[in-house]
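A look at the structure
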Amino acid sequence: MSRPPTLPPYPGSAPPGRGSAGWWVLGAVLVVVIAVGGVVVFCAGLWTYANHDRPELIDNPPVSEVAENACATMRATVAAKAAPPDAPVDARVRSIREQNAAVTVMVVQVRDLDRDLRADDRPTDAWLADWETLVEARERYAADLAAGRRPHFVVPTADGGPLTDRMNSVGLRCEVPPQLIDLR
C-alpha cells in the first residue's frame, strides 16, 4: 500500500512543533489574567458580604447589645408579673398591663438609640413595631376581660404566620416570652 501524498504547508506556516511558542505564551497570559480576575472578584464579593447589613438580622453591635439587654430585663419582668390562669379577673388584667408596660419600656430603650443607627440595621424599627402590635393586641384582650366579656386572644399575623415567628428570627437572644402569648 502506498501512503497518500502529503500536501505542502501553507505559505508562511511553521512546521509542526515550531513557532507555536507564541500561542503557549498567549494562553498562559490569558489563564493568569482569568485567575487573577477571579480572585479579585471573589475578594470583592467577600468584602461586600462581610461589610453589609443583613436585612433580616439585627446584627449591628451597638443596636443588638442594647436590644438584648433591654429584652433580658423585659423577660424577667414579664415572668415575675405573670398571673395564674385561675387568678381573679382584676389580677389577670393588672398582670397583662404590667407585662405590657415592661415590653413598652424595652421598646423605648431601643428607640432611644440614634435614628440613623437603627435605620442602618434594617429590621430594628420593624421589630419594634411588631412588639407594639403585640402589646396592642394584648391590651384589647385586657380591656375585654376587664369589661366582663369573654375575650379570645390570637397572636397577630405577619407574612402569613404568627407575628412572633418574625420577632424571634432577627438574630437576637430575645424570644417572645410564652407568658405574652398564652392568654386565657
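Coordinates for the structure precede this section.
These lines cover the structure that appears in this document, whether it is placed above or below. The structure presented is a predicted model; accordingly, all values stated were derived computationally and were not measured.

Concerning the overall build of the chain
A tally of helices and strands in the chain yields seven helices and two strands. Each helix (α) and strand (β) of the chain, taken in turn from the N terminus, gives the series α-α-α-α-α-β-β-α-α. Across the 184 residues that make up the chain, the buried fraction comes to 30%. Sequence-distant contacts, at least 24 apart, represent 69% of the contacts inside the chain between residues at least 6 apart. Summed over its atoms, the accessible surface of the chain is roughly 12,300 Å², and 61% of this surface lies on carbon and sulfur atoms.

Brief notes about the nonpolar core
By size, the foremost hydrophobic cluster in this structure holds 35 residues, and its most contacted members are Met 74, Met 106, Trp 127, Trp 131 and Leu 180. Mapped onto this core, the elements with two or more residues apiece are helix 2 (61–80), helix 3 (89–111), helix 5 (123–146) and helix 6 (163–167). Top element by residues in this core is helix 5. It accounts for nine residues. In contact with Leu 180, not counting residues within four places along its chain, are Met 74, Val 78, Gln 99, Val 103, Trp 131, Leu 134, Arg 138 and Phe 153.

Quick look at helix 2
Over its 20 residues, helix 2 runs 28 Å from end to end, which matches the ideal 28 Å to within 8%, given 1.5 Å per residue. Buried within helix 2 we find Val 63, Ser 64, Ala 67, Glu 68, Ala 70, Cys 71, Met 74 and Val 78. Considering only its buried residues, helix 2 is in contact with helix 3, helix 4 (115–120), helix 5 and helix 7 (178–181).

Description of the packing of helix 2 against helix 3
Running from amino to carboxyl end, helix 2 crosses helix 3 at an angle of 170°, the nearest separation of the two axes being 9 Å. Taken together, the axis directions place helix 2 and helix 3 in an arrangement best described as roughly antiparallel. Two secondary-structure elements touch here, helix 2 through Val 66, Ala 67, Ala 70, Cys 71, Met 74, Thr 77 and Val 78 and helix 3 through Gln 99, Ala 102, Val 103, Met 106, Gln 109 and Val 110. Within the contact of helix 2 with helix 3, the residues separate by chemical class into ten nonpolar, three polar and no charged.

A short note on the state of the cysteines
Counted according to the given criterion, the structure contains one disulfide. Linked covalently through their sulfurs, Cys 71 and Cys 174 form a disulfide whose S-S length is 1.9 Å. Between Cys 71 and Cys 174 the sulfur-sulfur dihedral comes to about 90°; the bridge is accordingly right-handed. Residue Cys 71 is found in helix 2, and its partner Cys 174 is found in the loop between helix 6 and helix 7; the two are separated by 103 residues along the sequence.

So, the environment of Ala 146
One can find Ala 146 in helix 5. When the C-alpha positions of Ala 146 and Ala 91 are compared, they lie 9.9 Å apart, and in sequence the two are 55 residues distant.

What counts as what
- Residues numbered from 1 in each chain as written.
- Predicted model: local features only at pLDDT ≥ 70, side-chain atom pairs only at ≥ 80, totals over all residues.
- Heavy atoms only, no water.
- Helix = DSSP H or I, 4+ residues; strand = E, 2+ residues; numbered from the N terminus.
- Buried < 20%, exposed > 50% of the residue type's maximum accessible area, 1.4 Å probe, protein only.
- Contact = heavy atoms within 4.5 Å.
- Areas by Shrake-Rupley, 256 points an atom, 1.4 Å probe, with all protein chains shown as cover.
- Core = buried A, V, L, I, M, F, W, Y, C linked by side-chain atoms within 4.5 Å.
- Expected span 1.5 Å × (residues − 1).
- Axes fitted to C-alpha atoms, helices over the stretch in contact; angles between N-to-C directions.
- Parallel < 35°, antiparallel > 145°, perpendicular 65-115°, else oblique.
- Nonpolar A, V, L, I, M, F, W, Y, C, P; charged D, E, K, R; others polar.
- Disulfide = S-S within 2.5 Å.

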